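Each chain is listed here by its residues.
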Amino acid sequence: MKMIINGNLVNKDKKIKVKNPVNKSIIDTVPHAEREDAKKAIHAANDAKKAMKDMSSRKISGILYDIHHDLSKIQDEFAVIITKETGKPIRDSKFEMKRSLDTLLFAAEESKRIYGETIPLDAGIGGSKILGFTIKIPMGVLSAITPFNYPVNLAMHKIAPAIAAKNTVVIKPSHKSPLAALKLVELMTPYLPDGVLNSLTGDGKVIGDEMVTNNLVNKISFTGSVATGMSIARKAGFKKLTLELGGNDPLVVLDDANIDNAVSAAVRGSYVYAGQVCIAVKRIITQIGVVDEFTDKLLSETKKLKLGDPLNPKTDVGPLIDEEAALKVENRVKDALNEGAELLCGGKRNGAFYEPTVLDKVSPNMELVLKETFGPIAPIIRVDSVDEAFEIANNTPYGLQASVFTESIEKAKKAVKSIDAGTVLINKQSTFRTDNMPFGGFKMSGMGKEGVKYTVEDMTCSKLVIIG
Ligand code: NAP
């Protein structure tokens, strides 16, 4: 695949190999861009600002609907690419494409309702007879940087609202899974003036650095790890910044929970895309009165999961993104076992594959649950009381989403009040997300919200008009 800069396909002699995590075979290559290429892409996006600013919202909405129409026809082709480059089970890749299309549709709709507001200036001293209102104008050039795990939908969450709000974009996907995102840019480009949408592939530390520090960039939207997010925040200067970072989401099962529902939620939440999801369930905090029933049922459901070839529609859990990622998970589990956790099932690695694993008697101070563990692990932390459960839920520098299973409205209300997370879900696992909801974490999980309406809002500036 190639990059697109200023409407043209761009290749480089130096290439990055994109590997299938199943067997390390090379699927394709992408250009290894240098800093100069990033500068060219940013200049092209800057030069295209006027064309976008002058375009009517009606036209932009029509373009987004047209792209939706074309993309929906080849969504399965995209799903196969996602599965090949990420190892995500094909069922989940198809679902990612459905959600990406939904995101695009929300943006097509949102582009027609970008409103300012009237300001009652006559309420202030000297304001009578003066008219005041705001209009929303585009931010300008957006640098969009995305991670490996949802290559199309996370790109879509930046590109589609940016265009809806009449911005121009330079996007850099992860070097681990750049193919579907490059193909998306290729599909969208012919609908847009040259330079409105540009793609780059290369070393994040080099081209990402240019995208963050270049003074022509007006806004940065980053999704990825806390470490990269912090380094971006240090360099961003005056640019408007949205950071969607890591998570360590708890699933709390209280004594009065519907256990069957909690078990289904834990299975879906812990193992979806082998746990490599920012909002995956990463800690299962279970009250002592139901822990045995919950654990038995979780164990039996986990053993039913099919680990294997992600292109097989029957596969539930595929490989991790690479062997290095699987080794990291293996070591975290080994450490937890050495510190007293009990292995109930799984725990074996084969290349990039790691078995769905249930661990009991995990202590809240083990690295496995203190840090974000990106793997198919269900670590059970036993607690005596509701207060202890919520205290442990908060015992993390992250605060993305948190779920609580209870049949008591009073305990649910207490959970909402006590748990420090961007979303608190009652009787639904944290992996739940629709693409129009305000999504974004507290604490080190980031700053700002995504979800098309909120992203559009975030990608515009308010200009105040006063008529005397
Ligand atoms: P990552 O290592 O932080 O990489 C994310 C992106 O940043 C990649 O495109 C990477 O490029 C780029 N990058 C690396 N160094 C950079 C630098 N110095 N300046 C600018 N960009 C740079 O994250 P990942 O491993 O791909 O993704 C997993 C993480 O993302 C997890 O922590 C997960 O929780 C988080 N995540 C959060 C959300 C959310 O919405 N909150 C959603 C999904 C994932 P290269 O690949 O070229 O290095």
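Residues numbered from 1 in each chain as written. Predicted model: local features only at pLDDT ≥ 70, side-chain atom pairs only at ≥ 80, totals over all residues.

**Observations regarding the overall build of the protein**
Counted only if it meets this: Labels follow the DSSP assignment, with helices taken as runs of H or I lasting at least four residues and strands as runs of E lasting at least two, numbered in each case from the N terminus. The globule rule used here is 2.2 Å times the number of residues to the 0.38 power, and the radius of gyration it is set against is calculated over C-alpha atoms. Partly exposed residues are those whose C-beta has more than 12 but fewer than 20 other C-beta atoms within 10 Å; with 20 or more the residue is buried, with 12 or fewer it is exposed, and the C-beta atoms are placed from the backbone. Throughout, a pair of residues is in contact if the C-beta atoms placed from their backbones lie within 7 Å.
When helices and strands are tallied, the protein shows 16 helices and 24 strands. Since a compact globule built from 468 residues should have a radius of gyration of about 23 Å, the 23 Å found for the protein is in line with a globular shape. Overall size of the protein, expressed as C-alpha extent along the three principal axes, is 70 × 65 × 40 Å. Going through the 468 residues of the protein one by one, you find that 52% of them count as buried. Contacts spanning at least 24 positions in sequence make up 71% of the contacts within the protein whose residues lie at least 6 apart.

**As for the packing of helix H4 (residues 75-86) against helix H7 (residues 179-188)**
Going by this rule: Between N-to-C directions, angles cover 0 to 180 degrees, with each direction set by a line fitted to C-alpha atoms, over the stretch in contact for helices. Between 65 and 115 degrees an angle is taken as roughly perpendicular, under 35 as roughly parallel, over 145 as roughly antiparallel, and anywhere else as oblique. Gly falls in the polar group here, along with every residue not listed as nonpolar (Ala, Val, Leu, Ile, Met, Phe, Trp, Tyr, Cys, Pro) or charged (Asp, Glu, Lys, Arg).
Where H4 contacts H7, the two axes come as close as 8 Å, and the packing angle between them is 150°. For the element pair H4 / H7, the angle class is roughly antiparallel. Between H4 and H7, the residues in contact are Phe78, Ile81, Ile82 and Glu85 and Leu179, Ala180 and Lys183, respectively. A class-by-class count of the residues in the contact of H4 with H7 yields five nonpolar, no polar and two charged.

**Concerning the environment of Leu337**
By secondary structure assignment, the location of Leu337 is in helix H12 (residues 323-338). When the 16 C-beta atoms within 10 Å are taken as the criterion, Leu337 is described as partly exposed. For Leu337 and Gly132, which are 205 residues apart along the polypeptide, the C-alpha to C-alpha distance reads 65 Å.

**What to know about the site of the ligand**
So the rule is basically this: We call a residue near a molecule or strand when the C-beta position, derived from backbone atoms, sits within 6 Å of it. Start and end points for every domain follow an automatic or database-based domain assignment.
Near the ligand there are 32 residues, and of these Pro147, Gly204, Gly208, Gly224 and Gly246 occur at the shortest range. In terms of residue count, helix H8 (residues 204-213) provides more of the shell around the ligand than any other element does, five residues in total. Split into classes, the residues belonging to the shell around the ligand amount to 11 nonpolar, 14 polar and seven charged. Both domain 1 (3-245 + 445-467) and domain 2 (249-426) contribute no fewer than three residues apiece to the shell around the ligand.

**Some thoughts on the domain arrangement of the protein**
Partitioning the protein into structural domains gives domain 1 (3-245 + 445-467) and domain 2 (249-426). At the level of secondary structure, the elements contributing two or more residues to the side of domain 1 that touches domain 2 comprise H4 and helix H5 (90-110). It is H5 that provides the largest number of residues to the side of domain 1 that touches domain 2, a total of three residues. Across the side of domain 1 that touches domain 2, the residue classes tally to five nonpolar, five polar and four charged.

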